[in-house]
Amino acid sequence: MGTNTKEENVSRAGSKAVMEGQHKKSLFASIAKPPTDSGRPSSMVVKKAHTVIPAHIVAEAISTIRGLDLRWSGPITPSEMQYVEQYVLAKYPQYAGLVVGEKIDLSTLCINEEASETATDDKRKSPRSSFREASSPSNGGNLPDLDRTQLEPSRLLDILTKKSSFPGSFISIPEIQAQNKVLKHCGLPDDEYLVLFTPNYKDAMMLVGESYPFFRGNFYMSIIAEEMDYAREFATYKESKVILAPETWLDLRIKGSQLSQYFRRKCKHSPKGLFSYPADVNGTRYSMHWVSEAHRNSWHVLLDATALVMGKDSMNLALHRPDFVLCSPDNSQANPSNITCLLVRKKSFDTSTALS
């Protein structure tokens, strides 16, 4: 009798240890079964470490699993548990502390669209091709000067058109997580910017350069180092007026700044053109004031923030909203990366129809 009781106790202890181990493996491995005494049903409440993830979030995640009947009910399978964990990480970062996410391979998220043969042929033709005529400037209208500018036929326009035309199309959870991280770093709202991952800095700059509507009569003003400014060649090729400004123009302490004078420069076209500058040069941070001042004077702005370390050098661009932002999602000294993020403000550019 005593022996049987001892064996039963050992068996119970073993079962308890197994159950605890299973609970630790997944955020969703433990789901309360009966209603609580308070009358509030707990069958759809997921708990871990005394933190509750609302039932509607779990249901929302489950509802996005392809091929699952909308009338679904029943126990969650291990693969579904893993999916829900990833979904919560991506869509609801406030619960990130409940799940230990795996490191994302950003190289798998990089765009791989190649320049079309037509675009390549156009670049070899005379600068006075129909390619420029299709992007003739606007001289006013009901919309604000900087909004809904038509981009030139390009890889970037194709990508933005697809993303804007099918906003509900499936995006992988790792991509959502990476986008959220970038937008949080920049302090920008996710509903106003499209986030693209490119293999390197040059590719990101070239996406901007080949798509921006440079033409004879508007400007490209840049404070980005010549060897890094891959957009400049496109501005020159399209006969836009190129202004190479020194870094000292970014110093706000200089009264009667040359930069301000160039922003106010008269131009019969609006927008006047594109202004590119770095957020940081060798540890010297420059003001976001220049973004707002450029906008007030009808300039689009490209902000190069690739020198800032994500997770350490945070920015708050919500008050300024550059039209393009470049940043490095993984550029710490311990883990350097060439991958560059290109953020494009949706409101600034018209992606509703691609020009033929």
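About the cut-offs
- Residues numbered from 1 in each chain as written.
- Predicted model: local features only at pLDDT ≥ 70, side-chain atom pairs only at ≥ 80, totals over all residues.
- Heavy atoms only, no water.
- Core = buried A, V, L, I, M, F, W, Y, C linked by side-chain atoms within 4.5 Å.
- Buried < 20%, exposed > 50% of the residue type's maximum accessible area, 1.4 Å probe, protein only.
- Helix = DSSP H or I, 4+ residues; strand = E, 2+ residues; numbered from the N terminus.
- Contact = heavy atoms within 4.5 Å.
- Lys, Arg positive; Asp, Glu negative; His and termini not counted.
- Salt bridge = Lys/Arg side-chain N within 4 Å of Asp/Glu carboxyl O.
- Polar contact = N/O pair within 3.5 Å; in protein donor to acceptor, adjacent residues only side chain to side chain.
- Pairing = 2+ DSSP bridges.
- Axes fitted to C-alpha atoms, helices over the stretch in contact; angles between N-to-C directions.
- Arc of directions from axis to C-beta.
- Phe/Tyr/Trp six-rings, centres within 6.5 Å; stacked < 30°, edge-to-face > 60°.

### So, the nonpolar core
Counting residues in hydrophobic clusters, the biggest one holds 38 residues, and the most contacted among them are Met221, Leu259, Phe275, Tyr277 and Leu343. Here this core takes 4 residues from helix α7 (residues 173–186), the largest share from any one element. Beyond its immediate stretch of four places on either side in the chain, Leu259 contacts Met221, Ile223, Trp249, Leu250, Phe275 and Trp290. If you look at the next biggest cluster of nonpolar residues, it comprises 25 residues, including Leu160, Ala204, Leu326 and Leu342.

### Some remarks on the side chain of Asp304
Looking at where Asp304 falls in the secondary structure, it is placed in strand β10 (residues 299–304). For the buried Asp304, no salt bridge is present, and the opposite-charge side chain at shortest range is Arg232, 11 Å distant. Separated by 2.9 Å, the side chains of Asp304 and Tyr201 make a polar contact. Separated by 2.6 Å, the side chains of Asp304 and Thr306 make a polar contact. Apart from the residues lying within four places of it in its own chain, the contact partners of Asp304 are Tyr201, Ile224, Tyr277, Pro278, Ala279, Asp280 and Leu326.

### Notes on the sheet that holds strand β5 (residues 219–222)
An order of β4-β12-β11-β10-β7-β5-β6 is seen for the 7 strands of this open sheet, with the pairing classed as mixed. The sheet is open, and its two edges are formed by β4 (193–198) and β6 (241–244), each paired on a single side. Here the strands of the sheet are splayed against their neighbours by 15° on average, with no regard to which way each runs. Alignment of strand β11 (residues 324–327) against strand β12 (residues 340–345), held across 4 bridges, turns out to be antiparallel.

### Some words on the environment of Lys184
Relative to the helices and strands, Lys184 is located in helix α7. Note: C-alpha distance between Lys184 and Met310 (126 residues apart in sequence) is 9.5 Å.

### Examining helix α2 (residues 55–63)
Those residues of α2 that fall on the buried side of the exposure criterion are Ile57, Val58, Ala61 and Ile62. Buried residues of α2 fall within an arc of 135° about the axis and therefore sit on the same side.

### Structural notes on the packing of aromatic side chains
The tally for this structure, following the rule as stated, stands at 9 aromatic pairs. Ring centres of Trp249 and Tyr262 lie 5.3 Å apart, and the angle between their planes is 25°; this geometry places the pair in the stacked category. In this pair, Trp249 is assigned in the loop between β6 and α10 (258–263) and Tyr262 in helix α10, connecting sequence segments 13 residues apart. Classification of Trp249 by relative accessible area gives buried; the value is 14%. According to the relative accessible area criterion, Tyr262 is partly exposed, its value standing at 24%. Both rings, one in Phe263 and one in Trp299, keep their centres 5.9 Å apart while their planes meet at 65°; by these two values the pair is edge-to-face. Placement of the pair is Phe263 in helix α10 and Trp299 in strand β10, with a sequence separation of 36 residues. Trp299 carries the same exposure label as Phe263, and that label is buried. One aromatic cluster is present, built from ring pairs that chain together Phe219, Phe263, Phe275, Tyr277, Trp290 and Trp299.

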